[in-house]
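Breakdown of the fold
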Amino acid sequence: MKIRISLATFLRSSVFFSIVMAVLLGTASAQSAPTPELSEQTSRTSGSAPGIRAGHILVRFKATPTLDMLSQLNADLGARVVGAIAEIGVTHLQVPSEAGLAILEHLRKRSDVEFAEFDSLVQAIFEPSTSVAATYVPNDPYFSAAFASSHYGNISQWGPQAVSAPSAWQLTLGDPRIVIAIVDTGVDDTHPDLASKIVGEQSYVGSVHDGFGHGTHVAGIAAAATNNDLGIAGMCPKCSILSVKVLNNQGSGYISDVASGITYAASHGARVISMSLGGNGRSETLRNALQYAVANNALPVCAMGNSGSSSNTPEPAYWHDCLSVIATGQNGAKASFSNYGVKSDVAAPGVAILSTMPTYPVTLTTSYGYSTNYDALSGTSMATPMIAGTAGLVLSQNPNLTPTQVAGIIMASAGDGLSWSSNLAFGVVNAFKAVSSAIHSDYTAPLANLVSPAEGATVSGLVTVQAVPTDNTAVHHVDIVQNGTRLVPVLTGASSTSGTGKNAVTIPAWTASWPSTTVFNSPITVSVSAVDVFGNGTAQNLAFTVQNKLASQSGTAHVCWPSSSSCPNTIWQPVTTGVATEAATHLHGTVTYSSQQNVKYSDFWLQVASPNGIYYCGTNGTTVDCYPTVTLLPDGAKNYSNSSGAQIDGIAQKGTASEQGDVQWTLTYPQ
């Protein structure tokens with residue numbers, strides 16, 4: 001209200017009146033007479049004048065403006081700082097469009113202003129298909145014309161259109177200074193749609209060249225050369241590519257190489273790191289690599305995986321420092337193969353996605369029947385670089401954004417801009433909305449104000465988690481993270497209803513239900529952060545205790561190595577004690593060897609399996625005591641899909657060897 005009153009006072013002033021009358025009548029008093037060049041300019045600046053960006057003024061002050069002075073401009077004139085060109089000392093102001101001329105003149109007459117001018121449109125010098133276009137349509141032949149793919153029939157690019165990329169390209173085509181790292185199987189640096197885009201190559205598994213084909217396909221989706229009368233269009237047409245090979249020519253590798261690739265990319269200028277890969281582990285090495293990337297101004301973007309699970313999220317997508325991506329089909333719904341659930345952030349097209357393939361034979365072409373040069377693939381691997389390219393566009397528009405701000409803007413621009421669901425997270429990304437939000441003046445972080453659970457509380461069973469967030473602008477969501485991964489479904493300002501009739505359950509805004517049984521009994525500390533529509537957020541720590549009743553089931557078996565039909569080396573048993581809610585697990589067990597012949601080393605393993613995956617705890621001793629990261633799922637109609645077990649494995653001294661042992665183990669879980 002203060003801004004409106006101050007602006008209204010200014011609009012009623014004689015300065016404003018004389019400027020408006022000069023424009024309307026084509027005359028002006030000597031005191032306010034513009035130069036002839038200005039007179040021509042101001043006579044064209046109505047709200048819809050061509051060539052002028054209404055309401056946007058660029059100004060260079062004679063000295064670096066202070067925060068107090070800029071705040072006073074906002075209070076008096078409604079002039080908000082939405083960006084800056086620091087290298088040349090220019091401040092970008094957004095003002096009420098109806099008062100643009102008046103504020104421009106006011107600024108020009110200030111003694112502390114060197115110059116002030118309207119922001120204006122710049123166009124490439126080429127002949128477009130129409131005089132005015134709502135979207136940028138590149139001339140790459142497969143952007144809109146069909147390509148005979150090897151597995152999906154005739155298909156054209158549909159992903160960029162589904163995420164409003166052509167509209168985003170009207171705002172920016174990207175910036176070569178924004179580097180997108182492809183941490184994958186390498187990139188074909190001879191491909192005509194990629195060669196000019198690659199600014200560096202590094203390999204941790206032999207030659208830098210892509211021998212599998214996956215990394216080349218991913219790179220094209222993110223940033224293939226665009227409007228070059230060739231092949232496809234990349235999501236960030238002018239962004240650069242850094243190829244970091246961490247997977248071998250069969251598409252597999254190790255966490256150590258992936259972590260090395262992440263840190264290399266972050267240390268060598270990458271602003272976005274695209275990772276269409278995953279493993280079932282929960283390694284501190286990878287977690288720390290991701291933290292390093294964010295601390296060094298690089299945003300990791302990660303595939304949610306292709307096992308169709310709501311809980312079996314692979315790392316790196318498991319970690320909260322990743323912007324984790326669900327795949328969708330052309331109907332906008334989650335692809336059947338795509339993982340989803342609490343760890344997910346956004347969705348993007350991932351079915352039959354046309355992109356670049358190596359120009360030479362690779363594993364995908366020789367063993368899987370895909371084509372060289374171009375072809376279509378499906379997977380969260382394809383959705384991930386689409387988000388990485390979107391992040392490149394956002395950063396091209398405003399390179400001063402932090403990784404967390406870019407992620408927040410992309411999440412807030414996706415879907416309906418408000419709600420979150422397990423199936424699609426915040427929804428399908430909207431590149432145009434994301435890029436449109438890149439330049440702004442709001443860097444105030446909201447407060448989460450978590451009211452339940454309270455600090456120091458002891459909780460059990462199904463817990464109501466509730467916040468009352470506050471901010472100077474709209475809060476988009478509240479995140480609750482424990483040990484580097486999202487613990488609780490995202491809290492948003494949208495209420496949701498599940499079920500119908502008498503079974504309908506409505507969850508209010510900023511509220512979620514969380515099964516505390518997914519955490520083993522212990523005091524825990526969570527990080528709670530509210531995130532606004534511009535990605536601003538500050539974390540606050542909250543400590544409480546989880547205390548549930550425990551259920552357990554024990555097993556015993558005689559096992560042999562090597563395995564035989566009468567004596568296996570691995571034993572599994574179903575969990576029959578009943579699992580009512582998703583549950584964390586604890587395994588404890590021992591082995592007593594009854595015979596060992598010519599055995600150099602003996603390994604003893606305990607294991608737990610559920611639809612979420614399999615987790616192994618091992619030792620070369622005789623006792624295992626561990627807390628697996630795999631959770632049990634409710635057994636429903638007693639179709640038991642949860643199991644636990646044990647096994648032994650040996651390594652021979654020389655020649656043949658054998659061993660036998662008796663194993664005993666107990667699986668314990670909260671309920």
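Residues numbered from 1 in each chain as written. Predicted model: local features only at pLDDT ≥ 70, side-chain atom pairs only at ≥ 80, totals over all residues. Heavy atoms only, no water.

**Details of the packing of aromatic side chains**
Heads up, the rule is: Under the pairing criterion, centres of Phe, Tyr and Trp rings, with the six-membered ring standing for Trp, must be within 6.5 Å; the plane angle then separates stacked pairs below 30 degrees from edge-to-face pairs above 60, leaving the rest tilted. Secondary structure is summarised from DSSP: a helix means a run of H or I of at least four residues, a strand means a run of E of at least two, and numbering begins at the N terminus for each. When accessible area is computed with a 1.4 Å probe and restricted to protein chains, residues below 20% of their type maximum are described as buried, those above 50% as exposed, and intermediate ones as partly exposed. Over a ring means this: the NZ of a Lys or the CZ of an Arg is within 6 Å of the ring centre and within 35 degrees of the ring normal.
A full pass over the atoms with the stated rule returns 9 aromatic pairs. Both rings, one in Trp 514 and one in Phe 544, keep their centres 6.2 Å apart while their planes meet at 80°; by these two values the pair is edge-to-face. Within this pair, whereas Trp 514 is found in strand β24 (residues 511-515), its partner Phe 544 is found in strand β26 (residues 537-546), the two being separated by 30 residues in sequence. Its relative accessible area of 2% is what places Trp 514 among the buried residues. Looking at Phe 544, the relative accessible area reads 4%, which means it is buried. Here Trp 605 and Tyr 616 contribute two aromatic rings whose centre-to-centre distance is 6.3 Å and whose plane-to-plane angle is 90°, an arrangement assigned as edge-to-face. Here the residue Trp 605 occupies a position in strand β30 (residues 599-610), and Tyr 616 occupies one in strand β31 (residues 613-619), the gap between them amounting to 11 residues. For Trp 605, a relative accessible area of 28% translates into the label partly exposed. Using a relative accessible area of 40% as the deciding quantity, one classes Tyr 616 as partly exposed. Through a chain of ring-to-ring contacts, three or more aromatic side chains come together here, namely Tyr 136, Phe 143 and Trp 169. Here Arg 282 stacks its cationic end above the ring of Tyr 318, 3.9 Å away from the centre of that ring.

**As for the pattern of salt bridges**
Put simply, the test is: For this analysis, a salt bridge means a side-chain nitrogen from Lys or Arg found within 4 Å of a carboxyl oxygen belonging to Asp or Glu.
Counted under the stated rule, the structure contains 5 salt bridges. Arg 486 is the salt-bridge partner of Asp 345, the closest N and O atoms lying 2.7 Å from each other. Of this pair, Asp 345 sits in the loop between β12 (323-328) and β13 (346-349) while Arg 486 sits in strand β20 (residues 485-486), placing them 141 residues apart in sequence. For the pair shown, Asp 345 and Arg 486 are each scored as buried. Look at the salt bridges and you will find they share partners, linking Asp 345, Asp 479 and Arg 486 into a network.

**Examining the packing of helix α9 (residues 214-223) against helix α13 (residues 380-397)**
When two helices pack together, you describe them by how their axes are tilted relative to each other and by the distance separating the axes. We count it as follows: Working convention: axes come from line fits to C-alpha atoms, limited for helices to the stretch in contact. Angles between N-to-C directions cover 0 to 180 degrees. We call a crossing left-handed when the near helix sits turned anticlockwise from the far one by less than a right angle, and right-handed when that turn is clockwise. Any two residues whose heavy atoms approach within 4.5 Å are treated as being in contact. Each residue receives one of three labels: charged for Asp, Glu, Lys and Arg, nonpolar for Ala, Val, Leu, Ile, Met, Phe, Trp, Tyr, Cys and Pro, and polar for the others, Gly being one of them.
It is at 7 Å that the axes of α9 and α13 come closest, and there the two elements cross at 35°. Seen from above, α9 lies across α13 with right-handed handedness. Contact residues: α9 offers His 214, His 217, Val 218, Ile 221 and Ala 222, while α13 offers Ser 381, Met 382, Pro 385, Met 386 and Gly 389. Taken together, the residues that form the contact of α9 with α13 break down as 6 nonpolar, 4 polar and no charged.

**A look at the pairing of strand β10 (residues 270-275)**
Across a regular strand the side chains alternate sides, sitting on one face of the sheet and then on the other. Applicable threshold: Two strands qualify as a pair provided DSSP detects at least 2 bridges between them. A crossover counts as right-handed when, viewed with the strands pointing away from the observer, the path leading from the first strand over the helix to the second turns clockwise.
In terms of burial, β10 is a largely internal element, 6 of the 6 residues being buried. In this structure, strand β7 (residues 179-184) lies alongside β10, joined through 4 bridges in parallel fashion. Pairing of Ile 182 across the sheet is with Ser 274, part of β10. In this region the chain leaves β10, passes through helix α11 (residues 284-295) and returns to the parallel neighbour strand β11 (residues 299-303); the handedness of that crossover is right-handed.

**Focus: the sheet that holds strand β29 (residues 586-597)**
Taken together, 4 strands build an open sheet; the order of strands is β27-β34-β29-β32 and the sheet is antiparallel. The open sheet has two edge strands, β27 (550-561) and β32 (623-626), and neither has a second partner. On average, each strand axis in the sheet is inclined to that of its neighbour by 10°, with strand direction left out of account. Relative to β32, β29 runs antiparallel, the two sharing 4 bridges. In the sheet register, Gly 589 faces β32, and the bridge partner there is Val 624.

**Details of the state of the cysteines**
The condition is simple: Pairs of cysteine sulfur atoms within 2.5 Å are what we label disulfides.
Under the criterion given, the structure shown has 4 disulfides. Bridging Cys 560 to Cys 567, the disulfide has an S-S length of 1.9 Å. Taking the sign of the torsion about the S-S bond as the criterion, the disulfide between Cys 560 and Cys 567, at about 85°, is right-handed. For the pair formed by Cys 560 and Cys 567, the shared burial category is buried. Disulfide pairing places Cys 617 opposite Cys 626 at an S-S distance of 1.8 Å. The chirality of the disulfide connecting Cys 617 with Cys 626 is right-handed, given an S-S dihedral of about 70°. Both residues of the pair, Cys 617 and Cys 626, count as buried. When the cysteines of the protein that form disulfides are numbered from the N-terminus onward, they connect as 1-2, 3-4, 5-6, 7-8.

**Focus on a nonpolar patch on the surface**
Rules: To count toward a patch, a residue needs a relative accessible area over 30% and no salt bridge; like charges are then connected within 9 Å, while nonpolar side chains (Val, Leu, Ile, Met, Phe, Trp, Tyr) are connected within 5 Å. Method for areas: the Shrake-Rupley scheme with a 1.4 Å probe, in which residue coverage is limited to the protein chains shown.
Side chains of Trp 572, Ile 614 and Tyr 616 sit close together on the surface and give an oily, nonpolar patch of about 290 Å² of accessible area. Tracing the sequence through the fold places Trp 572 in strand β28 (residues 570-574). Residue class for Trp 572 comes out partly exposed when judged on its relative accessible area of 35%.

**Things to note about α13**
Our working rule: A helix is expected to span 1.5 Å multiplied by its residue count minus one.
Between its terminal C-alpha atoms α13 stretches 26 Å, which fits the 26 Å expected from 18 residues at 1.5 Å a residue. Most of α13 is tucked away: 17 of the 18 residues are buried.

**Focus on the sheet that holds β11**
If you walk across this open sheet you meet the 7 strands as β8-β9-β7-β10-β11-β12-β13, and the pairing is parallel. The sheet is open, and its two edges are formed by β8 (198-203) and β13, each paired on a single side. Across the sheet, the axes of successive neighbouring strands diverge by a mean angle of 25°, strand direction being ignored.

**Describing the confidence of the model for the protein**
Counted only if it meets this: For every residue, the pLDDT score states the predictor's confidence, bounded by 0 at the bottom and 100 at the top.
Averaged over all residues, the pLDDT of the protein equals 87, while 88% of them reach at least 70. The low-confidence segment residues 120-133 (pLDDT under 50) makes 5 contacts with residues lying over four places distant or belonging to another chain.

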